[in-house]
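Here's the letter readout for the chains.
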Amino acid sequence: VNHKKTLINLEQTILRAGAHKDCSNVKQVADGVDFFFGTRSQAVSFVNFLCKHAPCRYQTSQHLKSHDVHNNTYNYKFTFSVEIASVCKNDIVCLSKAQSQRLGGIGPLCVVTKVAEAIHMIDPVTCQINRVDGTSYFASPFTPIASQKQFTPFVVVEIEDEDDGRGGKSSAGATPVGARISRRHRRASVWLMRLNQKLDDNDPQGGMIHTRTHLGHIIHVGDTVYGLDLRSSNVNHQDFEKLPEEHVPDVILVLRGTQFTGEDDTTETETQCSRSVTSKAKRRRQLSVAESSMTLDTTSNLSVSGMEIEVEDSDDDIDDDQWFDVAE
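Residues numbered from 1 in each chain as written. Predicted model: local features only at pLDDT ≥ 70, side-chain atom pairs only at ≥ 80, totals over all residues. Heavy atoms only, no water.

Q: Help me understand the overall build of the protein in this model?
A: Assigned secondary structure in the protein consists of 6 helices and 16 strands. Taken over 328 residues, the protein has a buried fraction of 33%. Accessible surface, the protein: about 21,200 Å² in total, of which carbon and sulfur atoms supply 47%. (Helix = DSSP H or I, 4+ residues; strand = E, 2+ residues; numbered from the N terminus. Buried < 20%, exposed > 50% of the residue type's maximum accessible area, 1.4 Å probe, protein only. Areas by Shrake-Rupley, 256 points an atom, 1.4 Å probe, with all protein chains shown as cover.)

Q: Even after reading the chapter, I still don't get the packing of aromatic side chains, so can you show me in this structure?
A: One pair of aromatic rings is described through two measures. These are the centre distance and the angle between the planes. Scanning the model with the defined rule gives 6 aromatic pairs in all. Geometrically, the ring pair formed by Y76 and F78 is tilted, given 6.2 Å between the ring centres and 45 degrees between the ring planes. Residue Y76 is classed as partly exposed on the basis of its relative accessible area, which comes to 35%. A residue is classified by how much of its surface remains accessible, and F78, at 35% relative accessible area, is partly exposed. (Phe/Tyr/Trp six-rings, centres within 6.5 Å; stacked < 30°, edge-to-face > 60°.)

Q: Help me out: how do you make sense of unusual backbone geometry in this one?
A: What is expected of a backbone is that most residues other than glycine have negative phi and most peptide bonds are trans. Backbone geometry places N90, a non-glycine residue, at a positive phi of 70 degrees. Structurally, the position occupied by N90 is in the loop between β4 (73–84) and β5 (92–94). Using a relative accessible area of 13% as the deciding quantity, one classes N90 as buried.

Q: Looking at this model, I keep getting lost on the sheet that holds strand β7 (residues 118–122). Mind explaining?
A: Where strands meet in a sheet, backbone hydrogen bonds hold them as pairs that are either parallel or antiparallel. With respect to topology, 5 strands assemble into an open sheet ordered β8-β7-β6-β5-β9, the strand pairing being antiparallel. Looking at the sheet topology across the chains shown, the edges are occupied by β8 (129–133) and β9 (144–146). Here the strands of the sheet are splayed against their neighbours by 40 degrees on average, with no regard to which way each runs. Where β5 and strand β6 (residues 109–115) come together, 3 bridges link them in antiparallel fashion. (Pairing = 2+ DSSP bridges. Axes fitted to C-alpha atoms, helices over the stretch in contact; angles between N-to-C directions.)

Q: Explanation requested: a positive patch on the surface in the structure shown.
A: Taken together, the side chains of K5, K89, K114 and R184 present a region of like positive charge at the surface. Along the chain, the position of K5 falls in helix α1 (residues 5–17). The class of K5 is partly exposed, set by a relative accessible area of 31%. (Patch = residues over 30% accessible without salt bridge, like charges linked within 9 Å, V, L, I, M, F, W, Y side chains within 5 Å. Salt bridge = Lys/Arg side-chain N within 4 Å of Asp/Glu carboxyl O. Lys, Arg positive; Asp, Glu negative; His and termini not counted. Charge placed at Lys NZ, Arg CZ, Asp CG, Glu CD.)

Q: Please clarify how the state of the cysteines should be interpreted in this entry.
A: Note on terminology: a disulfide is the covalent bond linking the sulfur atoms of two cysteines. Using the criterion set out here, one finds 0 disulfides in the structure. C110 provides the cysteine sulfur closest to C94, a residue in no disulfide bond, and the two sulfurs are 8.8 Å apart. (Disulfide = S-S within 2.5 Å.)

Shown next as structure tokens:
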């Protein structure tokens with residue numbers, strides 16, 4: 001990978017726990033770090049420590065350095081090659097259909113929220129979570145399709161909560177039976193605009209983008225968020241190319257940036273966002289008025305003595321003895 005956040009985090013964990021106290025030498029190499037120990041037992045303890053704090057696998061080898069034929073003694077050099085999973089926090093991964101089924105039916109596009117002894121992932125559409133340990137990962141590995149350096153800044157124009165308060169279930173996205181839903185995140189439907197993007201008068205949506213996110217508990221209107229714009233990204237991934245178009249969102253949000261504050265420091269982007277919200281509200285009011293007019297056309301109008309009375313159709317039977325006296 002082009003960044004080594006997992007390796008850097010593991011180095012800090014080693015320093016805090018003092019796991020390097022038995023090392024005789026530490027040498028930095030191009031693809032990692034070499035640790036040297038005096039005995040094999042010390043090296044085995046260090047490898048076990050790494051496996052408890054990061055998803056990894058290791059291979060062992062031994063090399064005969066010297067031996068004494070008279071005393072029948074041998075001097076070996078043992079080497080432990082530890083490989084750490086090439087997935088870091090805030091990466092976006094694409095799972096195959098078989099991997100998604102093994103993980104409880106989680107969505108194919110997931111965001112990595114934590115890398116510790118296992119890889120913790122969340123589906124940004126349904127807020128379903130799951131974890132993959134080192135053994136499962138290396139048995140069926142997956143690679144990220146984007147990292148933090150490829151994210152694009154957006155501005156939140158409008159946000160609608162999709163959580164109905166019953167553990168994350170709503171009609172917006174169906175989750176499998178028995179799926180684990182995150183209680184720390186909140187599902188929301190958001191309208192976004194690219195940062196410093198001008199309004200497009202030819203676009204009926206005004207250049208806004210709609211997507212669903214798991215960051216509904218921390219983002220608000222006017223916030224800057226970072227995510228992957230799949231409309232303009234060239235993703236070269238075998239499993240991603242097999243996904244149907246209806247399962248690929250326009251934007252996958254991952255991080256929340258700084259929030260726009262201050263009434264005097266109004267930027268051009270904020271003005272454009274306000275215009276977008278206003279135009280969208282007008283369109284919604286027009287749709288609401290159109291629906292109301294359609295409802296009135298379906299009712300029956302009765303004119304009696306110069307008065308207009310609106311009578312709704314009813315299936316209830318009226319007795320012949322009932323009558324109405326209407327006067328001006």
